[in-house]
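# Geometric and topological summary
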Amino acid sequence: MTTLTRTPQELEQALIDAPGVSLVPTMGALHSGHISLVREAQKLGNPVVVSIFVNPLQFAPGEDLDAYPRTLEEDIAKLEAEGVDAVFAPSVSTMYPHGPRTTIHPGPLGSVLEGTTRPTHFAGVLTVVAKLFCLTGASDAFFGEKDYQQLALIRQMVEDLHLPVRVHGCPIIREDSGLALSSRNRYLSEDEHRTALTLSRALAAGSYDGALAVLESADDVDLDYLAVATPELEELPDGYTGPARLLVAAKVGQTRLIDNAEIQV
């Protein structure tokens, strides 16, 4: 049975004597992509903790913090069906008892791509992830590659701060249509959902020029950025050949979507 915990003390009691902890951090509104992370975490054999916390630090004024879907009862039911050991669903006051007093600066990588549009976002992400690592005692943590820049920054943080956590990146889970699963997909109307398929079709072109042509031919897609970078999200050196990452962000209606794919340059 899945144990619901609200405080670090309750979570510590639920995990007493655990040799290691596999953490899946989420903001709830769980979908098949989250469940795939849970199943990867279970392969290690340690107790699996899924955190559910809509983190206010990673939302800028005017973003969808208040509207972000909160479906705790449904989420717990899904996690019980998967045999998750514990859910950690803290309050904002538990996570930030003194407010956002101390935060983690993401460095230069946090100021490009998503950071250009959302300059405070990654400081909020890294701060809450570091706190969750500490509060859960995680030995391993699992993140999806859909938020590829987030994954790269978390790996950077763990390396730079010598955090004793192994970070596992897991493949993007997509609908049969190709659309990357996201909690924000529920904001899309039926017509907008069809339009959103342009992003995955663009990535399937396999090159910057091919992707740009697909995006420019589509109506009702407001492109934020399209970029190619190394797997570590560094600028491609002159003459570079090998694996790279093609990343896109765009608005469809009022919903901002991101996606990415590995390509060969």
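Where an unreviewed UniProt entry is consulted, the chain appears under the name Pantothenate synthetase, with the organism given as Corynebacterium genitalium ATCC 33030. Reading the Function (unreviewed entry) entry of the UniProt record for the chain gives the comment "Catalyzes the condensation of pantoate with beta-alanine in an ATP-dependent reaction via a pantoyl-adenylate intermediate." Under Sequence similarities (unreviewed entry), UniProt gives the following word-for-word description of the chain: "Belongs to the pantothenate synthetase family."

To describe a pair of aromatic rings, one takes the distance between the centres and the angle between the planes. Evaluated as defined, the whole model comprises 2 aromatic pairs. Between F53 and Y96 the ring centres are 6.2 Å apart and the planes differ by 45°, which places this aromatic pair in the tilted class. Of this pair, F53 sits in the loop between β3 (48-52) and α3 (72-81) while Y96 sits in the loop between α4 (92-95) and α5 (114-117), and the two are 43 residues apart along the sequence. Grouping residues by exposure puts F53 and Y96 together as buried. Seen in terms of ring centroids, F59 and Y68 are 6.0 Å apart; in terms of plane orientation they differ by 75°. Their pairing is edge-to-face. Judged by its relative accessible area of 7%, Y68 falls in the buried class.

A word on helix α8 (residues 190-204). Over its 15 residues, α8 runs 22 Å from end to end, which matches the ideal 21 Å to within 8%, given 1.5 Å per residue. Restricting attention to buried positions, one finds in α8 the residues T195, A196, L197, T198, L199, S200, A202 and L203. Looking at the buried positions of α8, the neighbouring elements they touch are α9 (208-216), β7 (221-229), β8 (243-252) and β9 (255-264). Looking one or two residues beyond α8, the residue adopting positive phi is G206, at roughly 85°.

Our next topic: the UniProt feature "binding site: beta-alanine" (unreviewed entry) in the chain. Per the UniProt record, the feature "binding site: beta-alanine" (unreviewed entry) sits at Q58. By relative accessible area, Q58 is classed as buried at 10%.

This part takes up the packing of helix α6 (residues 121-136) against helix α7 (residues 148-160). Each pair of packed helices can be summarised by the angle the axes make with each other and by the distance between the axes. For the pair α6 and α7, interaxial distance at closest approach is 10 Å and the crossing angle is 55°. Classified by the angle between their axes, α6 and α7 sit oblique to one another. In this structure, α6 crosses over α7, and the sense of that crossing is right-handed. Here α6 contributes F122, V125, L126, V129, A130 and F133 to the contact with α7, which in turn contributes Q149, Q150, L153, I154, M157 and V158. For the contact of α6 with α7, the per-class residue count stands at 10 nonpolar, 2 polar and no charged.

So, about the sheet that holds β9. Strand order in this open sheet of 3 strands is β7-β8-β9, and the pairing throughout is antiparallel. Only two strands of the sheet have a single neighbouring strand rather than two, namely β7 and β9. The sheet shows a mean angle of 15° between the axes of neighbouring strands, direction not considered. Sheet topology places β7 next to β8; 8 bridges connect them, and they run antiparallel. Along β8, the bridge assignment pairs A229 with R245. Sheet strands touched by α8: β7, β8 and β9. Its angle to β8, the strand with the most contacts, is close to 160°. Across the face of the sheet, α9 comes into contact with β7 and β8 while running at roughly 175° to β7.

Each value, and the rule that gives it
- Residues numbered from 1 in each chain as written.
- Predicted model: local features only at pLDDT ≥ 70, side-chain atom pairs only at ≥ 80, totals over all residues.
- Heavy atoms only, no water.
- UniProt positions renumbered as here; feature names shortened; annotations may be inferred.
- Phe/Tyr/Trp six-rings, centres within 6.5 Å; stacked < 30°, edge-to-face > 60°.
- Helix = DSSP H or I, 4+ residues; strand = E, 2+ residues; numbered from the N terminus.
- Buried < 20%, exposed > 50% of the residue type's maximum accessible area, 1.4 Å probe, protein only.
- Expected span 1.5 Å × (residues − 1).
- Contact = heavy atoms within 4.5 Å.
- Axes fitted to C-alpha atoms, helices over the stretch in contact; angles between N-to-C directions.
- Parallel < 35°, antiparallel > 145°, perpendicular 65-115°, else oblique.
- Left-handed = near helix turned anticlockwise from the far one by under 90°.
- Nonpolar A, V, L, I, M, F, W, Y, C, P; charged D, E, K, R; others polar.
- Pairing = 2+ DSSP bridges.

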